[in-house]
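# Observations on chain architecture
Here is how the chains run, residue by residue.
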Amino acid sequence: MADRLDVLIVGAGFSGMYMALKCREQGLKFEVIEAGSGVGGTWYWNRYPGARVDIQSLEYSFGFDETLEQEWRWSERYAPQAELLAYANHVADRYDLKPHIRFSTRVTAAHWDAAADGWNVTLDSGAVIAARFLVLATGCLSVPTDVTFSGIGDYRGRIYRTSRWPHEGVDFTGQRVGIIGTGSSAIQSIPIIAQQAAHLTVFQRTPNYSMPAHNGPIPEADWQEWLQDPRAYRARSRNTVGGFWNEAREETLATQTPPDEIKAELERRWAWGGFRILSGFADQGIDPDANRIIASFVAAKIREQVKDPKVAELLTPKDHPFGTKRPCVDTGYYATYNRDNVELIDLRSDPLETFTATGIRTQGRSFDFDAVVLATGFDAMTGAIERIDIRGVNGETIKEHWAHGPETYLGLMVAGFPNLFLITGPGSPSVLTNMIHSIEQHVEYVADIIASLNAAQAGRIEATREAEQLWTDHVDQTAAMTLLPQANSWYMGANVPGKPRRFMPYAGGLHTYTDICNAVKAKGWEGFVVARGAQVISESRTFTTYPPPPENMAPHLMELAMGRVAQWMQDHGRA
Ligand code: FAD
Ligand code: NAP
C-alpha cells in the first residue's frame, strides 16, 4: 500500500474539484478518484441534446475566487452542457488539479481501520489506498436508475441513455425515435430530437410542470448588477432558500390576494422565466388552496401552448401539487407537440408491455424505432454512496445504516463512520438549491473541520447517533410542514422500486442551513466527538441549534404546518 493520504476524494465534478483545491490550500496530501475519463461530473456524463443549466449561469458558477469569476464570460443566461464542461476543465487547468486526479477509476469499497484512525479504500483495479479522511463528492444525480424493460435485450435498434450520452454525439436525422420519460432531461432533449428525427414518439407515464427558460443573452439588469458588485450579488444569492435570487415574497399570500393581482404577478414571473414562479407567494408551498391557484395558472399556460386540447390535458400534471416534484425549465417543450412528426403516448392508459426486436409494444399498439432514448432518471442522493461497500466502526455498511432511508448529521456525516464526509449529502439542502452554492458551503465547512482537527492534533471526528437522530427528525419535520412529501418524487426515493420513502434533502433553505452549520461550529462542533486514539478531545453529543420559527409566517400557515408536524410525530412515535 502506498503512503497514507490525508484526504481521498471520490468524484471530480464541481464538488471534488473544489475539495481538492481546499486540500491543497491546507498543504494536505490528497488524491481524487474519478470513474469518468475527465472532470465535470454531471456535465461530463449528461451530453444529451439540449442539456443546460436551469439556474442562471451568473449564479451557477463558482464564487470562491474573484479572479476566476472575472475571467469567465457566460454566453447565455443558461449555459449549455458543452460550455459547462469547458468551464469545469478551465477550473481544473487553472488550479492545476488534473495531475491529482486518477481518471477512469472507480472506488468500490472503503473500510474503517480503527487502529489507524483512517480509511482503507479499494479501487476497481484492486489497489487499496489508505487515507485519514474520505470525502464522497460522488454526486446526487450521478447513478442512473437500474430500470429495465421486458424484451429490451431483443431490441435490434440503438438505445441511448440521456445520462450516459455518447461523447461523439448522435445524429437522429431521418430516424424514427422513441423516448421514455418526461422529466427534466427528456423535456430538454425532446424539442431538439424532434427537429432532427423523421418521427418522435414520447412515452409519458407522469406529466411534469415546466416553465419557459426564455434563454438568450444575460438580462441587462442582472449583468449591470453583477458588474457593479459581484460580491454583493453572490451574497444575495447565497442568503436565500434556494441559493439563487428568486424575488421571494415571504409575506404575500395567494389566498389573500385579488385574482387580477395574482395573475399580473404570475404573468410577470412567467415572462421572466425559469423558477421565478416558484416563489411568488409565501403560501404556495404549504397551503393546498394557494398551490392550486398557481397550478391552474400553469395548466392554462400549457393549454395556451399546445394546440390539441386532448394532448394539453395529458401534459397537465394532476397527481402532485405544483413544485413538489423538481419543476422543469424548457425551451419550446410544449410547442413541440404541435409538430406533425411528434406523438405523445400516455402510458397510464396504454401501458408499455415490452420491447420487441423492432421497437416497443404497448397494450394497444406497436411502434417501430431506429433508436430509443431512455430519459428515466437517477437513483438520487443515496445511489452513488450506497454502491460503494462502506463499512464503519462496527462493520455496519452505510446501506444497512440507511435501511429506513438516509440518516445523517447535517447531511455531512454519518454516525459510526468517522472522518467520512458527504458533499451535498441527504439531509442537506443540496438538490433543492443552486448546487454550486451548496457545494461551496459544504466544501468550505469540511475544510474547516479538517483544519480544526489538525490544529488540535486530533485523529478523528464522528457525528454522534443522538445528533444524527435529532437532525434527521428535524429534516423530516421540516419537509412535513410543506406539501413536498405529497409527491411521488425522486426527492422521496419514490422513483426506485424498493427504495425507502423519506424526503431526502433539507427543506429549511440554504440560508437557514448555513446559519445552523455556523452555530454548530461556534459551539465547538456541537453533535460531534473529536478524538485521538482512545483519548476524547471534545465531546458534545446532542444537537440543539434549531432555527427559530419564522416570525413573519401567517398564523393559519403556521397552524397548517404545525398540524402536519404533529401528525408526523404521532405517526413516528415521537413524544
Ligand atoms: P457530480 O457532478 O455528479 O460528480 C460526481 C462524480 O463522482 C461523477 O463524475 C462520478 O463519475 C463520480 N463518482 C461517483 N461515484 C464514484 C465512484 N464510486 N468512484 C469514482 N468516481 C465516482 N444543479 C443545479 O443546481 N442547477 C442545474 O441547472 C442543474 N442541472 C442539472 C442537469 C442534469 C442533467 C443533472 C443530472 C443534474 C443537474 N444539476 C443541477 C445537479 C448537478 O448534479 C449539480 O449541479 C452538480 O453538477 C453536482 O456536482 P458534484 O460534483 O457534486 O457531483
Ligand atoms: P426524472 O426527473 O426522474 O425523470 C425520469 C422520467 O422517466 C420520469 O418521467 C419517469 O416517469 C420516467 N420513467 C422512469 N422509469 C420509467 C418506466 N419504467 N416507464 C416509464 N417511464 C419511466 O429524471 P431526469 O429527467 O433525468 O431529471 C433528474 C433530475 O436531474 C432533475 O429533476 C433535475 O434535478 C436534474 N436535471 C436538471 C436539468 C436542467 O434543466 N438543468 C436537466 C436534467 C436533469 P415517472 O415520473 O412516472 O416516474
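As the structure is a prediction and not an experimental result, all values here were calculated from the model. (Residues numbered from 1 in each chain as written. Chains lettered and ligands numbered in written order. Predicted model: local features only at pLDDT ≥ 70, side-chain atom pairs only at ≥ 80, totals over all residues. Heavy atoms only, no water.)

### Comments concerning the overall build of the protein chain
Along the protein chain, the regular secondary structure elements total 17 helices and 21 strands. On C-alpha atoms alone, the protein chain measures out to a radius of gyration of 24 Å, which is about the 25 Å that the 2.2 N^0.38 rule sets for 575 residues. By principal-axis analysis of the C-alpha atoms, the protein chain measures approximately 70 × 60 × 50 Å. Sorting the 575 residues of the protein chain into buried and exposed places 57% on the buried side. (Helix = DSSP H or I, 4+ residues; strand = E, 2+ residues; numbered from the N terminus. Rg over C-alpha atoms; globule rule 2.2 N^0.38 Å. Buried < 20%, exposed > 50% of the residue type's maximum accessible area, 1.4 Å probe, protein only.)

### A short note on helix α5 (residues 184–196)
The largest bend along α5 measures about 35° and falls at isoleucine 190, with the proline proline 191 one to four residues further on. Residues of α5 that are buried include every one of Ser185, Ala186, Ile187, Gln188, Ser189, Ile190, Pro191, Ile193 and Ala194, and no others. (Bend = angle between axes of the 7 residues up to and from the residue.)

### Focus on the sheet that holds strand β20 (residues 528–532)
With antiparallel pairing, the 3 strands of this open sheet are ordered in space as β19-β20-β21. Where the open sheet ends on each side, the last strands, each with one partner, are β19 (460–463) and β21 (535–539). Ignoring strand direction, the axes of neighbouring strands in this sheet form an average angle of 25°. Here β19 runs beside β20; their pairing, made up of 4 bridges, is antiparallel. The residue bridging arginine 460 from the neighbouring strand is alanine 531, located in β20. (Pairing = 2+ DSSP bridges. Axes fitted to C-alpha atoms, helices over the stretch in contact; angles between N-to-C directions.)

### Topic: helix α15 (residues 465–480)
The end-to-end C-alpha distance of α15 is 22 Å, a good match for the 22 Å that 16 residues give at a rise of 1.5 Å each. Most of α15 is tucked away, with 12 of its 16 residues classed as buried. Its buried side turned inward, α15 meets α13 (398–401), α16 (510–522) and α17 (555–571). (Expected span 1.5 Å × (residues − 1). Contact = heavy atoms within 4.5 Å.)

### Some details on the pairing of strand β9 (residues 199–204)
Here is the key point about a regular strand: its side chains alternate between the two faces of the sheet. For β9, a buried count of 5 out of 6 residues is recorded, marking the element as mostly surrounded by other parts of the structure. In this fold, the crossover linking strand β8 (residues 176–180) to β9 by way of α5 has right-handed handedness. Alignment of β9 against strand β12 (residues 342–346), held across 5 bridges, turns out to be parallel. Paired with threonine 201 across the strands is glutamate 343, a residue of β12. (Right-handed = clockwise from strand over helix to strand, strands pointing away.)

### Points about the packing of aromatic side chains
Counting across every chain of the model gives 38 aromatic pairs. Ring geometry for phenylalanine 14 against tyrosine 60: centres 6.1 Å apart, planes inclined by 75°, an arrangement best described as edge-to-face. Highlighted residues: phenylalanine 14 in helix α1 (residues 14–25) and tyrosine 60 in the loop between α2 (42–45) and α3 (66–71), separated in sequence by 46 residues. Look at tyrosine 60 and you get buried, because its relative accessible area is 11%. Counting every residue linked through ring pairs, the aromatic cluster contains Phe14, Tyr18, Trp43, Tyr60, Phe62, Phe64, Trp72, Trp74, Tyr87 and Tyr95. A cation over an aromatic ring shows up here: arginine 47 above the ring of tyrosine 44, its NZ or CZ 4.9 Å from the ring centre. Sitting above the plane of the tryptophan 272 ring, arginine 276 keeps its charged end 3.5 Å from the centroid. (Phe/Tyr/Trp six-rings, centres within 6.5 Å; stacked < 30°, edge-to-face > 60°. Lys NZ or Arg CZ within 6 Å of the ring centre and 35° of its normal.)

### Quick look at the pattern of salt bridges
Opposite charge on two side chains permits pairing when their charged atoms draw close. For the coordinates displayed, the defined rule picks out 41 salt bridges. The salt bridge involving aspartate 93 is made with lysine 98; its shortest N-O contact spans 3.2 Å. Given a relative accessible area of 48%, aspartate 93 falls into the partly exposed group. For lysine 98, a relative accessible area of 28% puts it in the partly exposed group. A single salt-bridge network, built from bridges that share partners, covers Glu247, Arg249, Glu265, Arg268, Arg269 and Arg276. (Salt bridge = Lys/Arg side-chain N within 4 Å of Asp/Glu carboxyl O.)

### A word on the state of the cysteines
Within this structure, the stated rule accounts for 0 disulfides. Sulfur of cysteine 328: no disulfide; nearest cysteine sulfur belongs to cysteine 140 and is 17 Å away. (Disulfide = S-S within 2.5 Å.)

### Focus on the site of ligand 2
Neighbouring ligand 2 are 25 residues; Arg52, Thr182, Ser185, Arg205 and Thr206 lie closest to it. Within the backbone of glycine 183, a nitrogen or oxygen atom sits 3.5 Å from an oxygen atom of ligand 2. In the environment of ligand 2, an oxygen atom lies 3.3 Å from a nitrogen or oxygen atom belonging to the side chain of arginine 326. Protein contacts shield 87% of the accessible area of ligand 2, which totals 910 Å² for the unbound molecule. (Near = heavy atom within 4 Å. Polar contact = N/O pair within 3.5 Å; in protein donor to acceptor, adjacent residues only side chain to side chain. Areas by Shrake-Rupley, 256 points an atom, 1.4 Å probe, with all protein chains shown as cover.)

### A short note on the nonpolar core
For soluble globular proteins, nonpolar side chains are generally found buried alongside one another. By size, the foremost hydrophobic cluster in this structure holds 100 residues, and its most contacted members are Ile9, Phe14 and Met19. No other element matches the 10 residues that helix α14 (residues 435–455) contributes to this core. Residue contacts for methionine 19: discarding those within four places in its chain leaves Ile9, Val135, Ile423, Val443, Val446, Ala447 and Ile450. Counting residues in each nonpolar core, the second largest holds 30 residues, with Ala197, Val311, Ala312 and Tyr337 among its members. (Core = buried A, V, L, I, M, F, W, Y, C linked by side-chain atoms within 4.5 Å.)

### A look at the packing of α14 against α16
Contact geometry of α14 with α16 gives a least axis separation of 11 Å together with a crossing angle of 5°. Compared by their axis directions, α14 and α16 come out roughly parallel. Note on element contacts: α16 touches α14 through Leu510, Tyr513, Thr514, Cys517, Asn518, Val520 and Lys521, opposite His437, Ser438, Gln441, His442, Tyr445 and Asp448. (Parallel < 35°, antiparallel > 145°, perpendicular 65-115°, else oblique.)

### As for the site of ligand 1
As a matter of local geometry, ligand 1 sits amid 33 residues, with Ser15, Glu34, Thr42, Asp54 and Tyr60 nearest to it. Separating an oxygen atom of ligand 1 from a backbone N or O atom of aspartate 54 is a distance of 2.7 Å. The contact in question runs from a nitrogen atom of ligand 1 to an N or O atom on the backbone of valine 107, over 2.9 Å. Relative to its unbound accessible area of 980 Å², ligand 1 is 95% covered by the protein chains. Mapped by element, the contributors of at least two residues to the shell around ligand 1 are α1, α2 and α14. In terms of residues, the shell around ligand 1 owes the most to one element, α2, which gives 3 residues.

### What to know about unusual backbone geometry
Notably, glutamate 247 is not glycine yet its phi reads approximately 50°, a positive angle. Residue position: glutamate 247 is located in the loop between α7 (230–238) and α8 (259–272). Even without a glycine there, the phi angle at methionine 381 is positive, about 70°. The residue methionine 381 is located in the loop between β16 (371–374) and α12 (383–386) in this model.

### Some thoughts on the sheet that holds strand β13 (residues 352–355)
In space, the 3 strands of this open sheet follow the order β13-β14-β15, with antiparallel pairing throughout. Each edge of the sheet is formed by a strand with only one pairing partner; in this case those strands are β13 and β15 (366–368). Each neighbouring strand pair of the sheet contributes to a mean axis angle of 20°, computed without reference to strand direction. Alignment of strand β14 (residues 359–362) against β15, held across 3 bridges, turns out to be antiparallel. From the neighbouring strand, glycine 359 faces β15, where its bridge partner is aspartate 368.

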